[in-house]
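Analysis of the macromolecular model
Each chain, written out:
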Amino acid sequence: MKVFLTNDDGIHAPGLWALYRRFREEHSVHVVAPDRERSAVSHGITLHTPLRTSRITVNGGWEGYGIDGKPADCIKLGLTMLLKERPDVVVAGINPGANVGISINYSGTVAAAREAALFGLPAIAVSINGYDIEDYDGAAAFTEHLARRVVKTPPPFGTILNVNLPNIPMEKVRGVRITRQGIDRLSREYYEKRLDPRNRAYHWLGSDARIFGEDLTVDGDALCQDYITITPLQSDITDYGMLAEMQTWDV
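To start, this report covers the structure provided alongside it. (Residues numbered from 1 in each chain as written. Predicted model: local features only at pLDDT ≥ 70, side-chain atom pairs only at ≥ 80, totals over all residues. Heavy atoms only, no water.)

**Structural notes on the packing of helix α2 (residues 71-82) against helix α3 (residues 108-118)**
Where α2 meets α3, the axes come as close as 7 Å, and the angle between the chain directions of the two elements is 25 degrees. As the angle between them shows, α2 and α3 are arranged roughly parallel. Note that α2 runs across α3; the crossing there is right-handed. Every residue of α3 that contacts α2 at P71, A72, I75 and K76 is listed here: G108, A112, E115 and A116. Considered class by class, the residues forming the contact of α2 with α3 number 5 nonpolar, 1 polar and 2 charged. (Axes fitted to C-alpha atoms, helices over the stretch in contact; angles between N-to-C directions. Helix = DSSP H or I, 4+ residues; strand = E, 2+ residues; numbered from the N terminus. Parallel < 35°, antiparallel > 145°, perpendicular 65-115°, else oblique. Left-handed = near helix turned anticlockwise from the far one by under 90°. Contact = heavy atoms within 4.5 Å. Nonpolar A, V, L, I, M, F, W, Y, C, P; charged D, E, K, R; others polar.)

**Some remarks on the packing of helix α1 (residues 14-23) against helix α4 (residues 137-152)**
Where α1 contacts α4, the axes come no closer than 9 Å and their chain directions differ by 55 degrees. Classified by the interaxial angle, the pair formed by α1 and α4 is oblique. Classified by chirality, the crossing of α4 by α1 is right-handed. Packed against α1, whose contacting residues are A18, L19, R21, R22 and F23, the element α4 presents D137, A140, A141, T143, E144 and A147 at the interface.

**Some words on the packing of aromatic side chains**
Within a pair of aromatic rings, the relevant descriptors are the distance that separates the centres and the angle that separates the planes. Evaluated as defined, the whole model comprises 3 aromatic pairs. With a centroid separation of 5.9 Å and 25 degrees between ring planes, the pair formed by W17 and W62 is classed as stacked. Remark: W62 occurs in strand β4 (residues 62-67) and W17 occurs in helix α1; sequence separation between them is 45 residues. W17 gets classed as buried once you look at its relative accessible area, which sits at 2%. A network of ring pairs unites the aromatic residues W17, Y20 and W62 as a single cluster. Looking at R55, its charged tip hangs above the ring of Y65, at a distance of 4.5 Å from the centre. (Phe/Tyr/Trp six-rings, centres within 6.5 Å; stacked < 30°, edge-to-face > 60°. Buried < 20%, exposed > 50% of the residue type's maximum accessible area, 1.4 Å probe, protein only. Lys NZ or Arg CZ within 6 Å of the ring centre and 35° of its normal.)

**Here's the deal with the environment of L83**
Its location among the elements puts L83 in the loop between α2 and β5 (89-96). The class of L83 is buried, set by a relative accessible area of 13%. Apart from the residues within four sequence positions on either side, L83 is in contact with F4, H30, V32 and G78.

Right under this line is the structure:
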């Protein structure tokens with residue numbers, strides 16, 4: 001397979017290079033990723049400043065392109081300018097921190113995969129439920145296995161697979177669940193007002209710990225019960241039920 005890897009944590013992130021190590025054993029791999037942390041930028045793209053690229057060498061010889069833009073920029077520029085061949089699959093990740101529920105809407109990892117899907121490519125977003133991650137290799141192996149399956153049976157145009165893994169050894173994972181996105185706001189968000197040294201106010205976003213339920217058809221619930229979750233997500237966000245109802249409106 002020809003594999004295009006990206007992320008939103010920056011080109012030096014360990015999750016990205018865990019994927020690289022795994023895929024390069026049997027596949028042709030190209031890396032185009034942000035040159036720095038770009039988490040939670042969603043599907044933003046760069047319009048009013050130029051994009052600059054640089055060849056970056058990491059881990060004693062592995063190379064990729066670092067882009068001073070967002071994850072979706074990396075996909076656009078990679079596919080239209082930097083890669084000489086069209087890839088068979090695009091993988092975004094491995095992201096530390098789950099991308100489930102409403103968090104999907106903010107995720108640069110998910111947005112990168114979605115941008116690839118809008119180019120007509122099979123795409124996977126991969127995250128691990130935690131930040132203190134000691135071993136990305138099991139998640140990378142699972143992703144490589146799933147990528148082979150996705151290339152054989154690509155999702156419909158505009159659909160991606162959003163994968164989340166529990167932060168535990170693979171032998172302790174209870175299984176794989178095909179899930180839907182949970183959309184309940186299960187934690188309270190707030191802004192903490194603070195003062196800087198010049199006595200000017202600023203605000204810092206915070207939230208309470210998320211509480212998930214026990215519905216194994218929901219991404220966050222199944223993930224917190226130690227299942228790998230795979231959620232198909234569409235780029236078409238039209239509400240077709242509402243669309244039909246609105247045909248009767250007198251507007």
